[in-house]
Amino acid sequence: MTTRYTKDHEWVRMEGGLAVIGISPHAAEQLGDVVFVELPAVGKSFKKGDDMAVVESVKAASDVYAPISGEIVAVNQPIADEPAKVNEDPAGAAWFVKLKPSNAAEFDALMDAAGYAAFVESAR
Amino acid sequence: MTDAGKPLKRTPLHELHLSLGAKMVEFAGYDMPVQYPDGVLKEHLWTRTRAGLFDVSHMGQAFLRTTETARGTEEAHAAVAAAIETLVPGEVLKLKRGAMRYSVLLNEQGGVLDDLMITRAAMGSGDGMLFLVVNAACKDADFALIKEKLGGRVELEILADRALIALQGPKAAAVIESHFPGAATQAFMSMRPVMWGTSPVLLSRCGYTGEDGFEISVPNADAERFSRALLDHPDVAPIGLGARDSLRLEAGLCLYGHDLDPSTSPVEGNISFIFGKRRKEAGDFPGAARILPELTNGPRRMRVGLKPEGRAPAREGTEIVDAAGAKIGVVTSGGFGPTLNAPVAMGYVEAAHAKIGAQVFLMVRGKSLPAIVADMPFVPHTYYRG
């Protein structure tokens, strides 16, 4: 199962035609302890790059951008109820949203794991 | 990175921070630890339950001495007190030996140029001398102002050769007592000179977290060794600027440059406790023409505590609006309070809304979130009261 990444540190994984989206372990570590998560409404549509969700640590608030365009079909309410889950398993159980893509080509244009690792390294 | 592109300054504990795995950031021109590997949340809670060690060496320390009369007499104290009282609205003259006060430097418009601690020398032989601690970002301007305004009356000795280390939290007194016998029963807001081995130390019982604690002025050369000696205690952990900010926010304490600035008066800032009774009656401080009517009639706007009703933090700059959506103020500090496990903020609102329990709304990302004007501190202070 391929996971792709953005320069804003979101990850996207295609599962049964839906894009599962979260923030990278690197992003979670940089943020520190997450204390607040705001998720979008199911049914809402986003264009690639739109503000889609918010994640906040004690220190700061960060936007989570839509990595690809599409419509929200599910949100992970448990991470809004218990934001610390984002630090525990950012790449797995703490996914943010599931989105029905409107343009499959946008997924293919994102970085793969090796590309993202190199990007993170170059930004250090 | 600094505004001027100059290299960042370092405190004597810089290497210690790096060896402890700190994440470093620029603050007031210094390369400072924002957090250690435990992170802001754990560091905050550690300080509330045990003892946190903070490097505050970037702050400005100075001795102010009268040059008008021989030191070591009550007259000398009166002279140096009269000099500093031309810049601050607090009662300095009646300070007892070794007693410290929180105060502010005022501009001619009654705005706050900086907040600071003023301590009278502990020994009779030191009468005529005050110990000042000012904010890092303001220290050059503060010291220049003091020299300009008080030149001829005082000499200012800037203590660039001293580090300042804070130990804060319920276990701080026991830890400090083990190094300086008698510390556990030292009065809150008092300072005394003590020795750490051969090192002359100024031990003050005060802080910026709402907890009991101490600030210890130590010669630069001994700062790391002293800090490591404190850190050897199992109840002591290093704490970065991130938790320092969330701790002082929960304690309802102002951060200069955010909650106080040259446009805000101490009355607006809700720190009117700093005005000495004699000083109010005399009206003999800068900006009295603005401040005295504010004290009598109330200010136009005032700093208040804010408790957002949901979980979303409201950060600095967030607009405060009334039920009709009209702007009534702005958040000056806001975030998440780990002790409360809830968001907390402070900000300035128009006087009509500055009542405990008043309903206001915070405009966070275009949404209007309900909040209540709340009493401060958000977390009760646990200062030592004997």
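In this text the structure is predicted, and so the values were computed from the model without any measurement.

**As for the overall build of chain A**
Okay, so step 1: Regarding its fold elements, chain A presents five helices and nine strands.
Okay, so step 2: Order of helices (α) and strands (β) in chain A, N terminus to C terminus: β-β-β-α-β-β-β-β-β-α-α-β-α-α.
Okay, so step 3: Whereas a compact globule of 124 residues would reach a radius of gyration of roughly 14 Å, chain A reaches 13 Å, a difference of no more than 12%.
Okay, so step 4: The dimensions of chain A, computed from C-alpha atoms along their principal axes, are 35 × 35 × 25 Å.

**Section: the sheet that holds strand β4 (residues 34-38) of chain A**
Residues and elements named next belong to chain A.
Okay, so step 1: Strand order across the open sheet formed by three strands is β4-β6-β7, with antiparallel pairing between neighbours. Only two strands of the sheet have a single neighbouring strand rather than two, namely β4 and β7 (61-65). When strand polarity is set aside, the average angle formed by the axes of neighbouring strands in this sheet is 25 degrees.

**What about the sheet that holds strand β17 (residues 342-350) of chain B?**
Residues and elements named next belong to chain B.
Okay, so step 1: Read around the barrel, six strands follow the order β14-β17-β16-β15-β18-β19 and close on themselves; strand pairing throughout is antiparallel. If you compare each strand with its neighbour and ignore which way they point, the axes differ by 40 degrees on average.
Okay, so step 2: Inspection of the sheet shows strand β18 (residues 359-364) paired to strand β19 (residues 367-374) by six bridges, in the antiparallel sense. When the bridges of β19 are listed, V360 appears paired with A371.
Okay, so step 3: Sitting on the sheet, helix α7 (residues 241-250) touches β16 (327-337) and β17, and the angle it makes with β16 is about 125 degrees.

**Points about the side chain of D33 of chain A**
Okay, so step 1: As for its placement among the helices and strands, D33 of chain A is situated in the loop between α1 (25-31) and β4.
Okay, so step 2: Here D33 of chain A is buried and forms no salt bridge, its nearest opposite-charge partner K42 of chain B lying at an N-O distance of 4.4 Å.
Okay, so step 3: For D33 of chain A, the residues in contact, after removing those within four places along its chain, are E56, S57, V58 and N87 of chain A together with D38, G39, V40, L41 and K42 of chain B.

**Considerations on the side chain of S199 of chain B**
Residue and element names in this part refer to chain B.
Okay, so step 1: Relative to the helices and strands, S199 resides in strand β11 (residues 199-204).
Okay, so step 2: Judged by relative accessible area, which is 2%, S199 ranks as buried.
Okay, so step 3: Here D222 takes part through its side chain, which lies 2.7 Å from a polar atom of the side chain of S199.

**A look at helix α2 (residues 40-49) of chain B**
All names here are of chain B.
Okay, so step 1: Here α2 has its buried residues at V40, E43, H44, T47 and R48. The buried side chains of α2 occupy one side of the element, clustering within an arc of 135 degrees when seen end-on.
Okay, so step 2: Those residues of α2 that are buried lie in contact with β2 (30-35), β3 (51-55), β9 (162-168), β13 (236-238) and α7.

**Side note on the domain arrangement of chain B**
Residue and element names in this part refer to chain B.
Okay, so step 1: When its domains are assigned, chain B resolves into domain 1 (1-298) and domain 2 (300-374).
Okay, so step 2: Taking only C-alpha atoms into account, the centre of domain 1 sits 28 Å from that of domain 2.
Okay, so step 3: The partner domain 2 presents 18 residues to the 22 residues of domain 1 that form the contact.
Okay, so step 4: In total, domain 1 and domain 2 occlude about 1,600 Å² of area from one another, counting both sides; carbon and sulfur atoms represent 51% of this.
Okay, so step 5: Sorting the residues of domain 1 by area buried against domain 2 places L249, E250 and E268 first, and these three jointly supply 36% of that buried surface.

**A look at the pattern of salt bridges**
Should the charged atoms of two oppositely charged side chains come close, the side chains can pair.
Okay, so step 1: The full count for this structure, using the stated rule, is 29 salt bridges over all chains.
Okay, so step 2: Put simply, E56 of chain A and R365 of chain B hold a salt bridge, and the shortest N to O gap is 3.1 Å. Of this pair, E56 of chain A sits in strand β6 (residues 51-57) while R365 of chain B sits in the loop between β18 and β19, which puts the two residues in different chains.
Okay, so step 3: In this structure E56 of chain A comes out as buried when scored by relative accessible area, which is 0%.
Okay, so step 4: Look at R365 of chain B and you get partly exposed, because its relative accessible area is 34%.
Okay, so step 5: Put simply, R48 of chain B and E250 of chain B hold a salt bridge, and the shortest N to O gap is 3.0 Å. With a gap of 202 residues between them, R48 of chain B in helix α2 and E250 of chain B in helix α7 connect regions that are remote in the sequence. Across this residue pair, the class does not change: R48 of chain B and E250 of chain B are buried.
Okay, so step 6: Salt bridges sharing partners connect three or more residues here, namely E38 and E56 of chain A together with R315, R365 and K367 of chain B.

**Considerations on the nonpolar core**
Okay, so step 1: Counting residues in each nonpolar core, the largest one holds 32 residues, and the members touching the most others are F54, V56, F63, M117, F131, V133 and M189 of chain B.
Okay, so step 2: Breaking this core down by element, the ones donating at least two residues are β4 of chain A together with β7 (129-134), β9 and α7 of chain B.
Okay, so step 3: F54 of chain B has contacts with T47, L164, I165, A166, Q168, T209, I239, G240, R244 and L247 of chain B, leaving out every residue within four places of it along the chain.
Okay, so step 4: Listed in part, the 27 residues of the second largest apolar core include V12, A19, I23 and V86 of chain A.

**A look at the environment of S178 of chain B**
Okay, so step 1: Looking at where S178 of chain B falls in the secondary structure, it is placed in helix α5 (residues 172-179).
Okay, so step 2: In sequence terms S178 of chain B and L230 of chain B are 52 residues apart; their C-alpha atoms lie 9.6 Å from each other.

**Some words on the state of the cysteines**
Joining two cysteines, a disulfide is a covalent bond between their sulfur atoms.
Okay, so step 1: Scanning the model with the defined rule gives zero disulfides over all chains in all.
Okay, so step 2: Free of any disulfide, C254 of chain B has its nearest cysteine sulfur in C138 of chain B, 13 Å distant.

What counts and how
- Residues numbered from 1 in each chain as written.
- Chains lettered and ligands numbered in written order.
- Predicted model: local features only at pLDDT ≥ 70, side-chain atom pairs only at ≥ 80, totals over all residues.
- Heavy atoms only, no water.
- Helix = DSSP H or I, 4+ residues; strand = E, 2+ residues; numbered from the N terminus.
- Rg over C-alpha atoms; globule rule 2.2 N^0.38 Å.
- Pairing = 2+ DSSP bridges.
- Axes fitted to C-alpha atoms, helices over the stretch in contact; angles between N-to-C directions.
- Contact = heavy atoms within 4.5 Å.
- Buried < 20%, exposed > 50% of the residue type's maximum accessible area, 1.4 Å probe, protein only.
- Lys, Arg positive; Asp, Glu negative; His and termini not counted.
- Salt bridge = Lys/Arg side-chain N within 4 Å of Asp/Glu carboxyl O.
- Polar contact = N/O pair within 3.5 Å; in protein donor to acceptor, adjacent residues only side chain to side chain.
- Arc of directions from axis to C-beta.
- Domains from an automatic or database assignment.
- Buried area = accessible area lost by both parts, 1.4 Å probe.
- Core = buried A, V, L, I, M, F, W, Y, C linked by side-chain atoms within 4.5 Å.
- Disulfide = S-S within 2.5 Å.

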